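What the coordinates show
One letter stands for each residue in the lines below.
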Amino acid sequence: MNTRRTFLAVVAGLVAASGAAFLAADSFAQSPTDVKVWIAFTDNRLDWAREKAAEFNEQFPQYNVTVEGYGNYEEIQQATDLAIQQNAAPAVVQWFEVGTQRARDFGYFKSIADALGDRTEVNGIPVDFDDFIEPVVSYYTLDGKFTSMPWNSSSPILYSNTAILEKAGIDTPPATWQEVEAACEKIMALPDAPQGCITWPNHGWFYEQWMAQQDAVLANNGNGREGRATELFLDSEPSIAIASWWQSMEDQGYYVYSGRQRDWAATEQAIQTGTVAMAITSSADAANITNAAKENNIDIVTTRMPYNAETGWTGNLIGGASLWLVKDLPKEVEEGALSFMLWLNNTENAAEWHQVTGYLPIRESSVKLLESQGWFEENPNFYTASDQINNSTVTTATRGALLGPFPQIRDVITQTMEDLMLKGGDPAQAMAQANQQANQLLAEYNSLYN
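Residues numbered from 1 in each chain as written. Predicted model: local features only at pLDDT ≥ 70, side-chain atom pairs only at ≥ 80, totals over all residues. Heavy atoms only, no water.

**Things to note about the packing of aromatic side chains**
Given two aromatic rings, their pairing is described by the distance between the two centres and the angle made by the two planes. The following threshold applies: Two aromatic rings from Phe, Tyr or Trp, using only the six-membered ring of Trp, form a pair when their centres are within 6.5 Å; if the ring planes differ by under 30 degrees the pair is stacked, by over 60 it is edge-to-face, and anything between is tilted. Helix numbering and strand numbering both begin at the N terminus, where a helix is a DSSP run of H or I of at least 4 residues and a strand a DSSP run of E of at least 2. Note on exposure labels: buried denotes an accessible area under 20% of the residue type's maximum, exposed denotes more than 50%, and partly exposed covers the range between, all computed with a 1.4 Å probe on protein chains only.
A full pass over the atoms with the stated rule returns 37 aromatic pairs. Their ring planes at 75° and their centres at 5.2 Å tell us that Phe56 and Phe340 sit as a pair that is edge-to-face. A residue pair is termed long-range when its members are at least 10 positions apart, and Phe56 in helix H2 (residues 44–59) and Phe340 in helix H14 (residues 331–344) qualify at 284 residues. Among the residues examined, Phe56 registers a relative accessible area of 0% and is labelled buried. Ring plane angle 40° and centroid distance 4.5 Å describe the contact between Phe129 and Phe146, whose orientation is recorded as tilted.

**Some remarks on the state of the cysteines**
The condition is simple: We call a pair of cysteine sulfur atoms a disulfide when they lie within 2.5 Å.
Considering all chains together, one arrives at one disulfide under this definition. Disulfide pairing places Cys184 opposite Cys197 at an S-S distance of 2.1 Å. Between Cys184 and Cys197 the sulfur-sulfur dihedral comes to about -80°; the bridge is accordingly left-handed. Of this pair, Cys184 sits in helix H8 (residues 177–188) while Cys197 sits in strand E11 (residues 196–199); the two residues are 13 residues apart in sequence, bridging distant segments of the chain. Judged by relative accessible area, which is 0%, Cys184 ranks as buried. A relative accessible area of 0% means that Cys197 is categorised as buried.

**Brief notes about the sheet that holds strand E10 (residues 156–161)**
How we decide: Being paired, for any two strands, means DSSP has found at least two bridges between them. Think of each axis as a best-fit line through the C-alpha atoms, taken over the contacting stretch in the case of a helix, with angles from 0 to 180 degrees between the N-to-C directions. For this analysis, residues touch if any pair of their heavy atoms sits within 4.5 Å.
Ordered by their spatial adjacency, four strands build an open sheet running E11-E12-E10-E13, and the pairing between neighbours is mixed. In this open sheet, the two strands that pair with only one neighbour each are E11 and strand E13 (300–304). Averaged over neighbouring strand pairs, the angle between their axes works out to 20° when direction is ignored. With three bridges connecting them, E11 and strand E12 (residues 276–282) associate as parallel partners. Counted as the bridge partner of Gly196 is Val276 from E12. Along the sheet, H8 contacts E11 and E12; its crossing angle with E11, the most-contacted strand, is approximately 145°. Contacts from helix H12 (residues 264–272) reach E10, E11, E12 and E13, with the element oriented near 140° to E12.

**Regarding empty space enclosed by the protein**
Heads up, the condition is: For each structure, a 1 Å grid was placed over the protein atoms alone; sets of points admitting a 1.4 Å probe that cannot get out are labelled cavities, open sets with protein on both sides within 12 Å along at least five of seven lines are labelled pockets, and lining residues have an atom within 4 Å of a point. Grid points are joined across faces, edges and corners, and a volume is the space filled by probe spheres set on the points.
For the coordinates displayed, the defined rule picks out four cavities of 30 Å³ or more. Here the largest cavity defines a volume of roughly 100 Å³. Around the largest cavity, the lining comprises 16 residues; the ones closest to its centre are Glu208, Leu218, Leu317, Gly400 and Ala401. Broken down by element, the residue count for the lining of the largest cavity peaks at three residues, all from helix H9 (residues 204–213).

Shape descriptors only; they carry no functional weight alone.
Shown next as structure tokens:
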């Protein structure tokens, strides 16, 4: 009797346990896998990314992608540092291009190439890196591997107020530094001249672009791509030429400095309100500037970023950021993250991202799609960045430098330019001092990895 009761109890227990296991398994199967994505935007770009995440979740109900926004690239790096320490990192982080060496050194991320292996699709989404435009491929390929997923790549371009230029008798926006000076002389001589001729943010990114245009590297060891950079060249002739021209533009009253470093908003505001005749800023602002200026009855035309005619133009390097895959994720989360990144950058989405912002269409197929739709003919201001970056010669200089403390070195350059404009001084001496400071930062950083 006791034996029979025990047998029945065991059977009942097994039935209950198997039922619970079935329910749990069923529940798990129906629960989408959470995939957290962090990006460094809080404006309409965050809205767009969230709309895309919702669209992705509908198409792939096995995943629940959520997108969280941060104020800027520096803020998202700090948040990532803290999240890694607390074992609470997301699956995907947007990381700006000058943080690339830091990302490699800190070991937070898994390369996209390693995660994908030799797969040609993920959840039916094609893997086609050959379709990315060459400057993007060359920037994000490290040690022969794609490290991160390209996303928001940009290029600086010149925005010109056509009415002011025509009034000054200028038919074509200036293409070189020398032509900019000549144009400014005419513009500022107008009886109703604008408050200033030209502006751009006091930010190291513009200095880096002008170095690349002159085919000048920032650092040794192939700009830090053939080996860890150990020496900077901020005191080189091309570097001094940039500082000298920038300072002279300010001294002549042509360049308008807002008085704040990294003041992107002031540049955007100045060109779209007619306060200045020209502005150099990111192509990512093409949509905002063109549309806002139109509301003010101002026609804006974009052209390539002016270069130093004495050294010629080799090309521009890309700016912006890419999406990095956090390492050591559960397999199903990594699969969802890879799926979302591939889907977000498919031909149609990459084209749409360009249309709503001005970021480069980073796929060849996206460029062709936009051309077939007549997009560039109807919106020529959006074509300039693609034309500029796709006609750039890929060299050691235009691939961009890899430096561990790159953001801090940018700050040194920015401060140096501010001092030259507001306090005066000799550009050669100032850049020599900046080079000393920057090399000290580089040596201190490198000492952590020797």
